[in-house]
Amino acid sequence: MNKEIKIDGIWYRLDIDKQEAMVIKSQGDEYSNEIIIPSSFFFEGIIYRVTIIGEYAFEGCYHLYSIAIPDSVMSIYPHAF
């Protein structure tokens, strides 16, 4: 089961069964300035580990100048940037 949420300005697709999260393309304004992706976050009583940066997650983000990627991220999909 998947669910899309926004936490601290970053959009995620949650894999509720695996308790993992994928960074996805913004569902509104493009990402800008500095993004710090956490290694995990707490949502609705569950700690989700951020493991993937999804396809096209940061495509076209012309005002984004810095992204901090944690060690928990094991996959960066094609065209993520």
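Procedures and definitions
Residues numbered from 1 in each chain as written. Predicted model: local features only at pLDDT ≥ 70, side-chain atom pairs only at ≥ 80, totals over all residues. Heavy atoms only, no water. Helix = DSSP H or I, 4+ residues; strand = E, 2+ residues; numbered from the N terminus. Buried < 20%, exposed > 50% of the residue type's maximum accessible area, 1.4 Å probe, protein only. Contact = heavy atoms within 4.5 Å. Phe/Tyr/Trp six-rings, centres within 6.5 Å; stacked < 30°, edge-to-face > 60°. Core = buried A, V, L, I, M, F, W, Y, C linked by side-chain atoms within 4.5 Å. Pairing = 2+ DSSP bridges.

Caption draft 1: Seen up close, the environment of F42. As for its placement among the helices and strands, F42 is situated in strand β5 (residues 40-43). Measuring from C-alpha to C-alpha, the distance between F42 and I7 comes to 9.6 Å, with 35 residues separating the pair along the chain.

Caption draft 2: Main features of the side chain of T51. When you line up the elements, T51 lands in strand β6 (residues 46-53). Classification of T51 as buried rests on a relative accessible area of 7%. Sequence-distant contacts of T51, defined by excluding residues within four places in its chain, comprise E20, A21, S72, V73, M74 and S75.

Caption draft 3: A look at the packing of aromatic side chains. Counted by the stated rule, this structure contains four aromatic pairs. Ring geometry for Y12 against F41: centres 4.5 Å apart, planes inclined by 40 degrees, an arrangement best described as tilted. Here F41 lies in strand β5 and Y12 lies in strand β2 (residues 10-15), a separation of 29 residues in the sequence. As far as burial versus exposure is concerned, Y12 and F41 are alike and both buried. Through pairs of rings, three or more aromatic residues link up here, namely Y12, F41 and Y48.

Caption draft 4: Region of interest: the nonpolar core. Counting 25 residues, the largest nonpolar core has Y12, V23, Y31, F41 and F58 as its most contacted members. Those residues within four positions of V23 in sequence are excluded, and the remaining contacts are I10, W11, Y12, Y31, I37, V50, I52, I53, G54, A57 and F58.

Caption draft 5: Spotlight on the pairing of β6. Note: strand β3 (residues 20-23) against β6, four bridges, orientation parallel. Each residue of the ladder has a partner; that of A21, found in β6, is V50. Pairing of β5 with β6 involves four bridges; the strand directions are antiparallel. Considered in β6, the bridge of F42 is made with I47. Taking the residues between adjacent antiparallel strands as the criterion, β5 and β6 are bridged by two residues, where E44 takes a positive phi near 50 degrees. Sheet topology note: the β6/strand β8 (residues 75-76) ladder contains two bridges and is parallel. The residue of β8 that forms the bridge with I52 is S75.

Note that all results are geometric; they support no functional claim without further evidence.
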